[in-house]
Amino acid sequence: MKPLKKSAKLANVLYDIRGPIMDAAKQMEEEGQKIIKLNIGNLAVFGFDAPEEVQQDMIRNLPASAGYSDSKGIFAARKAVMHETQKQGIAGVVLDDIYLGNGASELIAMATNALLNDGDELLLPMPDYPLWTAVASLSGGRPVHYLCDEDNGWMPSLDDIRAKITPRTKGIVVINPNNPTGALYSDELLKGIVDIAREHGLVIFADEVYDKVLYDDVRHTAIASLSTDVLTLTFNSLSKSYRSCGYRAGWLVVSGDKKMARDYIEGLNMLSNMRLCANVPGQWAIQTALGGYQSINDLVRPGGRLRRQRDLAYELITAIPGVSCVKPSAALYMFPKLDPKVYPIEDDRQFFLEMLKETKVMLVQGTGFNWPTPDHFRIVFLPHEEDLREAVNRIAAFLERYRNRVG
C-alpha cells in the first residue's frame, strides 16, 4: 500500500497551543514527570470551577437533553443570548440571528466556511489566536495578518489594516479582548475598524470570548454596538467567563445589514443544519449563566484570584533581565518579549521545547500565534500563586543559563 498522506489543505495549518511541545510534555508525563502547563487557558484544571447554579441547571435538564435540539439551539438559551445583546447595545438582533455551537470554535469554522471561496482573503490580527488562521486556510481562503503594535499597547494599526486590503478581502477579524496579548481596544479604535469595514464592504468577525475578564475597571464595548449597517458576526461562549470550557457552549450573533447578506446567511443556516445541533446539555447552561450572578467579577476585582495572579505573573516576568511585557488589561494571558540582543533565538519552537525538557514548564512560542519573529511567548497566569511563582522562577533560571551560555 502507498503511504496515506494528510490532505493538502492542512499544509498551512498551525495550532501549536496543542502542538509538538504538548506532545513532548505528554511523553514526559507518561514517564512520571510533573509538568507545569502554562500553555492553554483551561481553567478547570487550575481549580476554577463553573458556577454551581450552572452545573445544577445542566444536571436538572439532562433528562430532556437526549434528543436533537433545533439546529440553531434551544429557545431558552437563544433568548438569553438575545437579551445579552440588548444589554450590550447591539441593535436589531432577533432570535433567528443567533446560532448556538460546540464552543465558539465550531461557529468560527462554520462562519469562515460559509464566506470564503478559494483565494479569498481574511484579515487577521498579528499575533492572533491561531484557530482563526487555521480555519481561514481550511476554508480555502488566504489569511492576511495586520500588525498589532506592541509599542502602542498591542493596538491594531489602522494604517496597516488599510494597506493589507485587496479586491479579494472579504472580512476582518477583531479579537477583543485579545488573545494572546490581553489588550483591550478603545471605542475610538473600534470605530476606526468599523469605518474601514464600511468603506470596503467587509464583514467583521468579532471574537469577544473574554469580554467579562477585565481588570483595573476597564470597560469592554461590543464592536457590533457601534454600527447598524456593517454586517458583524459576534462570537462568545461560556468557556472563559463562566469557567466551562468542557461544556462546549458557544454562540454566534449576526447583526448589521442582514438584507445584503441573505445568501451568506443561507449558507450559515445550511452548515448549521448539516451538523444537526450543538451539544444539548451545554446549551441548558447558557440561560442560567448569562442571567445569574456574575462570579467572574469576584475573580477580577482587586484581591480577586485572577487579578492577583495577573499582577504576580507580570511582576515576576518583567523582573527577568531582557524580558519586557505590556501589562494585560483583560483575558488570561500575557505576551512577553525576549530582547533579541540578549536572547538571539533562531527557532523559538526548539527553544521552548528545550525549556520544557529542562524546567518541566510548558509555554507556547510566539510564532505559534503567527508572530513573525522568534522573540515572544505566551504565558497563562492560571496556576495558584505558589505554582505560578515556582514556574516563573524556573523560567528565569533557564533564561539566566541561556544568557551565560551565549554571552
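Residues numbered from 1 in each chain as written. Predicted model: local features only at pLDDT ≥ 70, side-chain atom pairs only at ≥ 80, totals over all residues. Heavy atoms only, no water.

J.: Just to check I follow, could you spell out the environment of Ser329 for this structure?
T.: Take Ser329: it is sitting in the loop between strand 10 (323-324) and strand 11 (333-334). Here the alpha-carbon distance between Ser329 and Leu122, two residues 207 residues apart in the chain, equals 26 Å. (Helix = DSSP H or I, 4+ residues; strand = E, 2+ residues; numbered from the N terminus.)

J.: What is the right way to read the packing of helix 4 (residues 103-115) against helix 5 (residues 130-138) from this model?
T.: Two measures define how a pair of helices packs: the angle their axes make with one another and the distance between the axes. Contact geometry for helix 4 and helix 5: axes closest at 9 Å, N-to-C directions at 35°. Seen from above, helix 4 lies across helix 5 with right-handed handedness. For the pair helix 4 and helix 5, the contacting residues are Ser105, Ile108, Ala109, Thr112 and Asn113 in the first and Leu131, Trp132, Val135 and Leu138 in the second. Residue composition of the contact of helix 4 with helix 5, grouped by class: six nonpolar, three polar and no charged. (Axes fitted to C-alpha atoms, helices over the stretch in contact; angles between N-to-C directions. Left-handed = near helix turned anticlockwise from the far one by under 90°. Contact = heavy atoms within 4.5 Å. Nonpolar A, V, L, I, M, F, W, Y, C, P; charged D, E, K, R; others polar.)

J.: How should the sheet that holds strand 15 (residues 377-380) be read in this particular structure?
T.: Working definition: the strands of a sheet are paired by backbone hydrogen bonds and lie parallel or antiparallel to each other. Across the sheet, which stays open at both edges, the three strands sit in the order 11-15-14 with antiparallel pairing between neighbours. The strands lining the two open edges of the sheet, one partner per strand, are strand 11 and strand 14 (364-365). Bridge count between strand 14 and strand 15: two bridges; the pairing is antiparallel. Paired with Gln365 across the strands is Phe377, a residue of strand 15. (Pairing = 2+ DSSP bridges.)

J.: Is there a simple way to explain the packing of helix 11 (residues 305-318) against helix 13 (residues 385-406) in this structure?
T.: Relative to each other, helix 11 and helix 13 sit at 15°, their axes nearing to 10 Å. Taken as axis vectors, helix 11 and helix 13 run roughly parallel relative to one another. For the crossing formed where helix 11 meets helix 13, the hand is right-handed. Between helix 11 and helix 13, the residues in contact are Arg308, Gln309, Leu312, Ala313, Leu316 and Ile317 and Glu385, Leu388, Arg389 and Val392, respectively. (Parallel < 35°, antiparallel > 145°, perpendicular 65-115°, else oblique.)

J.: Please explain the side chain of Ser139 as it appears in this structure.
T.: Its location among the elements puts Ser139 in the loop between helix 5 and strand 4 (142-149). For Ser139, the side chain forms a polar contact with the main-chain oxygen of Val135, separated by 2.7 Å. Dropping the residues within four chain positions of it, Ser139 is found in contact with Thr112, Asn113, Leu116 and Asp118. (Polar contact = N/O pair within 3.5 Å; in protein donor to acceptor, adjacent residues only side chain to side chain.)

J.: I keep staring at the sheet that holds strand 5 (residues 155-156) and nothing clicks. Help me out?
T.: With mixed pairing, the eight strands of this open sheet are ordered in space as 2-9-8-7-6-3-4-5. The strands lining the two open edges of the sheet, one partner per strand, are strand 2 (98-101) and strand 5. Here strand 7 (residues 203-207) pairs with strand 8 (residues 232-237) via four bridges, running parallel. Across the sheet, residue Phe205 finds its bridge partner in strand 8, namely Leu233. Helix 5 contacts strand 3 (121-126), strand 4, strand 6 (169-175), strand 7 and strand 8 of the sheet and is inclined by roughly 155° relative to strand 4.

J.: Help me understand the environment of Ala249, please; the structure alone is not making it clear to me.
T.: Among the structural elements, Ala249 can be located in the loop between strand 8 and strand 9 (250-255). Judged by relative accessible area, Ala249 falls into the buried class, the value being 2%. In sequence terms Ala249 and Leu238 are 11 residues apart; their C-alpha atoms lie 5.8 Å from each other. The contacts of Ala249, once residues within four sequence positions are left out, are Gly101, Gly103, Ser237, Leu238, Gly282 and Ile286. (Buried < 20%, exposed > 50% of the residue type's maximum accessible area, 1.4 Å probe, protein only.)

J.: Explain the nonpolar core to me, please; I cannot follow it from the model alone.
T.: In summary, soluble globular proteins display a tendency toward joint burial of nonpolar side chains. Core analysis: the biggest nonpolar cluster contains 82 residues, and Phe205, Leu233, Phe235, Leu306 and Leu399 have the highest contact counts within it. At seven residues, helix 13 tops the list of elements feeding residues into this core. Apart from the residues within four sequence positions on either side, Leu399 is in contact with Ile320, Val323, Leu338, Tyr343, Phe351 and Met355. Residues Val144, Ile196, Val230 and Trp371 belong to the second largest nonpolar core, which totals 28 residues. (Core = buried A, V, L, I, M, F, W, Y, C linked by side-chain atoms within 4.5 Å.)

J.: Would you explain unusual backbone geometry in this entry?
T.: Generally, phi is negative for residues other than glycine and the peptide bonds are trans, each holding for most cases. Between Met126 and Pro127 the backbone carries a cis peptide bond, its omega angle lying at 5°. On the secondary structure map, Pro127 appears in the loop between strand 3 and helix 5. A positive phi angle, near 65°, is found at Trp154, a position not held by glycine. Within the secondary structure, Trp154 is located in the loop between strand 4 and strand 5. Trp154 gets classed as buried once you look at its relative accessible area, which sits at 1%. In the Ramachandran plot, Lys360 falls in the positive-phi region, its phi being about 65° despite a non-glycine side chain. On the secondary structure map, Lys360 appears in the loop between helix 12 (348-359) and strand 13 (361-362).

These figures capture arrangement, not role.
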